[in-house]
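# What the coordinates show
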Amino acid sequence: MSNTTLCGLCTHPDDGHLCRHCTLTLREHLDALPGLYADLEDHLAPRATTSTGRTPAAARTAALLRSQASAAGDRSTANTRAA
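Residues numbered from 1 in each chain as written. Predicted model: local features only at pLDDT ≥ 70, side-chain atom pairs only at ≥ 80, totals over all residues. Heavy atoms only, no water.

### Section: the overall build of the protein chain
To keep it simple, the criterion reads: A run of DSSP states H or I qualifies as a helix once it reaches four residues; a run of E qualifies as a strand once it reaches two. Both are numbered from the N-terminal end. Per-residue accessibility, obtained with a 1.4 Å probe over protein chains only, is compared with the maximum for each type, and a residue is labelled buried under 20%, exposed over 50%, and partly exposed between these values. Surface accessibility follows the Shrake-Rupley procedure with a 1.4 Å probe radius. Residue values consider only the protein chains on display as shielding.
Summing up its helical and strand segments, the protein chain has 2 helices and 2 strands in all. Going from N to C terminus, the protein chain has its helices and strands arranged as β-β-α-α. Residues classed as buried in the protein chain amount to 7% of the 83 residues present. Per element, the accessible surface of the protein chain, about 7300 Å² overall, is 58% carbon and sulfur.

And the structure:
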């Protein structure tokens, strides 16, 4: 009895996850993606921003830096009072 399975995308028998034809086709599609993105870039939605004009990730980073600075300031004030 053979240990051959079916391709994950079509019904061709294969020993791996994809048959040779599907592997080559997938490779062609993946290679085309950067060009497709460049062609469509002007038509894609802009990145999401917060009310401050920052991206959500930049807003989170700024908030984290503010909280770290505030915590450092609190420690500095406590050290000054103790002295």
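### As for the state of the cysteines
By definition, a disulfide links the sulfur atoms of two cysteine residues through a covalent bond. Inclusion rule: For the purposes of this analysis, a disulfide is any pair of cysteine sulfur atoms at a distance within 2.5 Å.
Evaluation of the coordinates by the stated rule reveals 0 disulfides. Between Cys10, a cysteine without a disulfide, and Cys19, which holds the nearest cysteine sulfur, the sulfur-to-sulfur distance is 3.7 Å. This cysteine, Cys22, is not joined by any disulfide, and Cys19 carries the nearest cysteine sulfur, 3.6 Å off.

### Concerning a nonpolar patch on the surface
Applied cut-off: Put simply, a patch holds well-exposed residues, over 30% relative accessible area, that have no salt bridge, with like charges counted together within 9 Å and Val, Leu, Ile, Met, Phe, Trp or Tyr side chains within 5 Å. In the sections that follow, a salt bridge refers to a side-chain nitrogen of Lys or Arg positioned within 4 Å of a carboxyl oxygen of Asp or Glu.
Residues Leu26, Leu30, Leu33 and Leu36 make up a contiguous nonpolar surface patch of roughly 350 Å² in combined accessible area. Residue position: Leu26 is located in helix 1 (residues 20–40).

### What about the pattern of salt bridges?
Tallied over the full model, the rule gives 1 salt bridge. Where Arg27 meets Asp31, a salt bridge forms, and the shortest distance between an N and an O atom there is 3.2 Å. With Arg27 and Asp31 both in helix 1, this residue pair falls 4 residues apart, about one helical turn. Owing to a relative accessible area of 53%, Arg27 belongs among the exposed residues under this scheme.

### Description of the environment of His12
The cut-off we apply is this: In this analysis, two residues are considered to be in contact whenever any of their non-hydrogen atoms come within 4.5 Å of each other.
Structurally, His12 can be placed in the loop between strand 1 (5–6) and strand 2 (13–14). Exposure remark for His12: the relative accessible area of 43% places this residue in the partly exposed category. C-alpha separation for the pair His12 and Cys22, spaced 10 residues apart in sequence, amounts to 9.4 Å. For His12, the residues in contact, after removing those within four places along its chain, are Thr5, Leu6, Cys7 and Cys19.

### Brief notes about the confidence of the model for the protein chain
The test is simple: pLDDT is defined as a per-residue confidence score from the predictor, taking values between 0 and 100.
Taken residue by residue, the protein chain gives an average pLDDT of 79. The fraction at 70 or more is 76%. The weakest mean pLDDT in the protein chain belongs to helix 2 (residues 56–82) at 74; the strongest belongs to helix 1 at 91.

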